[in-house]
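# Observations on the model geometry
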Amino acid sequence: MPTRFTLVLGDITTQQVDAIVNAANPTLLGGGGVDGAIHAAAGPELLEECRGLHGCQTGEAKITRGYLLPAKYVIHTVGPRYGQEQGREAELLRSCYARCLEVAAERGVQTIAFPAISAGVYGYPLSEAAAIAVQAVCSWVHAFDCFTEIRFLVYSSRAKRMYIEAMQHYCHTMPEDDKIIWSV
Ligand code: AR6
């Protein structure tokens, strides 16, 4: 079965998918941006579960329940801070996408939504962050075939354009195009 890649301009907290990804910080105890929105929508039990996880390293991912969210799970990942990772930013950002997909696959998740990890407070330039997101997810999907839909959530029309460019560029240069269908 091919994996459907979709691009949606909107709020990740309202998405009807098995899992949504949170762009968190190493404490996993909440923050601003997507993190703040997810905690606000999921309710206080999410923070309680997060306390028991004892944080998360940059490039890693940990899973919790979704509580009041439509999504059953939240996968918390910590993106790199742009310019503060000794040149390992791209590698760490790729790792976030790969680890989220691994953790999701272990729980039997079939549909997952990603925000633009690191492209807000953590300062990753959006065009680079979008290219890495699409490339990382494309390569993973070509190696492991277990998702029906991978949804990218963007929060501005500029971000949407960046993702379309990245999808046009990377999805169509992959060797087995028939494994990915994408729609906007
Ligand atoms: N739905 C979808 N995308 C969103 C939403 C939303 N509700 N809100 C923001 N975005 P950021 P980071 C976009 O800053 O850069 C937190 O305080 C936003 O426009 O949320 O990884 C954490 O606790 C941007 O494109 O995440 C960390 O301290 C993208 O999501 C830190 O921010 C990511 O922006 C993590 O920073």
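## Details of the pairing of strand β5 (residues 111-114)
- Of the two faces of β5, the one holding Thr111 and Ala113 and the one holding Ile112 and Phe114 are both buried throughout.
- Two elements, strand β2 (residues 19-24) and β5, share 2 bridges in a ladder whose sense is parallel. Considered in β5, the bridge of Ala19 is made with Ile112.
- Both β5 and strand β6 (residues 149-154) contribute to a ladder of 4 bridges, which runs parallel. Paired with Phe114 across the strands is Phe152, a residue of β6.

## A word on the site of the ligand
- Surrounding the ligand, one finds 20 residues, the nearest of these being Asn25, Gly32, Asp35, Gly120 and Val121.
- Between Asp11 and the ligand, the recorded distance is 2.9 Å, taken from a side-chain N or O atom to a nitrogen atom.
- For the ligand, whose free accessible area comes to 700 Å², the fraction covered by protein is 88%.
- Elements that contribute at least two residues to the shell around the ligand include exactly β2 and α1 (33-42).
- Of the residues forming the shell around the ligand, the biggest block, 4 residues, is contributed by α1.

## Considerations on the pairing of strand β4 (residues 73-78)
- In terms of residue burial, β4 counts as a mostly covered element, since 6 of its 6 residues are buried.
- Side chains of β4 alternate between two faces, with Tyr73, Ile75 and Thr77 and Val74, His76 and Val78 buried alike.
- As defined by bridge partners, β2 adjoins β4 across 6 bridges and the pair is classed as parallel. Bridge pairing links Ala19 to Tyr73 in β4.
- Judged from the 5 bridges that link them, strand β3 (residues 61-65) and β4 form a sheet pairing that is antiparallel. Each bridged residue has a counterpart across the sheet, and for Thr64 the counterpart in β4 is Val74.

Definitions and cut-offs
- Residues numbered from 1 in each chain as written.
- Predicted model: local features only at pLDDT ≥ 70, side-chain atom pairs only at ≥ 80, totals over all residues.
- Heavy atoms only, no water.
- Buried < 20%, exposed > 50% of the residue type's maximum accessible area, 1.4 Å probe, protein only.
- Helix = DSSP H or I, 4+ residues; strand = E, 2+ residues; numbered from the N terminus.
- Pairing = 2+ DSSP bridges.
- Near = heavy atom within 4 Å.
- Polar contact = N/O pair within 3.5 Å; in protein donor to acceptor, adjacent residues only side chain to side chain.
- Areas by Shrake-Rupley, 256 points an atom, 1.4 Å probe, with all protein chains shown as cover.

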